Amino acid sequence: EHRNISPQMQQKFLLGYAPADPDWLYRFLLSKHYSEHMLAQTGLFAKNNPTYPLFRDRLMFPIRDWKGNCVAFGGRDLGGQSKAKYINTPETALFRKREIIYGMYESLDELKKSESCYLCEGYFDVIAMHQAGMGTAMAPLGTAFTLEQGRLVRRYAKQAGLLFDSDSAGQQATKKTLTLCESIGFESRVILLESAKDPAELLETSGAQALTQACKTSRTAFDYLVYSALNLYDAKKPKGKLQVLNEVKPYLDAV
């Protein structure tokens, strides 16, 4: 609610809560007749203590595969006691991070119609985009966009708009993703948010309409890479020209 996430979006993405009580989850799942052996394989409990829950006092984001099966969770710390603000279920027999993309299932119907998608960085960004009417937003799970994720989305979409964070890590992720998209025949553009670092912040501060409006302006992949390089290096000098070329070269190789 603080982030202006509507009740409809809370329901669409099945947002929930992991209780602070460390005994609750194990006791609850045993009462549902899951075996101790089974629970040890779920990724829901600490490795060195098979009854202690990985997620405590966290806002919970179910992670679903493209068929709609819940295969993992993401959790956002609410108590301020954890060193990690966000954590995900570790990899399990059902959950391979490289092959799952958050929001794919929730986007699927619209994705088939529009054949285009938006790639964001985090859970809240995806939900903010859906709330602003861009119902094909999805996000890699705390890693760079992978080839496996790209091929999965490419089944349904021909174009992608990128909205990674504006910090240096986000810019690096954008560059790598543009090259990867080009290598699999996926047309991509970069959406630059001028008044916020990410879609979730813009929704929180200015509302859905402002986010929708901001997403109407974009740059081609090539333009983005060239302008980014020109901001980093002095292209008037021979060394600077070479540095600019080296920044753009992986993308040109993919082309």
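As shown above, the structure is provided for reference.
Let us look at the structure shown here. Keep in mind that what you see is a predicted model, and the values were worked out from it rather than measured.

Digging into a nonpolar patch on the surface
- A grouping of F222, L242, L245 and L252 is seen on the molecular surface, where their side chains present a nonpolar patch of about 360 Å² in accessible area.
- With three residues, helix α11 (residues 238-254) is the single largest residue contributor to the nonpolar patch.
- Position of L245 among the secondary structure elements: in helix α11.
- For L245, a relative accessible area of 44% corresponds to the partly exposed category.

Things to note about unusual backbone geometry
- Positioned with a positive phi, N4 is a non-glycine residue whose angle comes to about 65 degrees.
- Here N4 lies in the segment before α1 (7-12).
- By relative accessible area, which is 38% here, N4 ends up partly exposed.

Considering the packing of helix α10 (residues 221-232) against α11
- Their axes nearest at 8 Å, the elements α10 and α11 cross at an angle of 160 degrees. Taken as axis vectors, α10 and α11 run roughly antiparallel relative to one another. The two elements α10 and α11 meet at a crossing, and its hand is right-handed. Within the contact between the two elements, α10 uses A221, F222, L225, V226, A229, L230 and L232 and α11 uses V244, E247, V248, Y251 and L252.
- When grouped by side-chain class, the residues that make up the contact of α10 with α11 number 11 nonpolar, no polar and one charged.

Things to note about helix α4 (residues 104-114)
- Those residues of α4 that fall on the buried side of the exposure criterion are M104, E106, S107, L108 and L111.
- Lining the buried residues of α4 we find α1, β4 (58-64), β7 (116-120), α5 (123-131), β8 (137-138) and α6 (147-154).
- At the C-terminal side of α4, E115 shows a positive phi close to 55 degrees.

Quick notes on the rules
- Residues numbered from 1 in each chain as written.
- Predicted model: local features only at pLDDT ≥ 70, side-chain atom pairs only at ≥ 80, totals over all residues.
- Heavy atoms only, no water.
- Patch = residues over 30% accessible without salt bridge, like charges linked within 9 Å, V, L, I, M, F, W, Y side chains within 5 Å.
- Areas by Shrake-Rupley, 256 points an atom, 1.4 Å probe, with all protein chains shown as cover.
- Salt bridge = Lys/Arg side-chain N within 4 Å of Asp/Glu carboxyl O.
- Helix = DSSP H or I, 4+ residues; strand = E, 2+ residues; numbered from the N terminus.
- Buried < 20%, exposed > 50% of the residue type's maximum accessible area, 1.4 Å probe, protein only.
- Axes fitted to C-alpha atoms, helices over the stretch in contact; angles between N-to-C directions.
- Parallel < 35°, antiparallel > 145°, perpendicular 65-115°, else oblique.
- Left-handed = near helix turned anticlockwise from the far one by under 90°.
- Contact = heavy atoms within 4.5 Å.
- Nonpolar A, V, L, I, M, F, W, Y, C, P; charged D, E, K, R; others polar.

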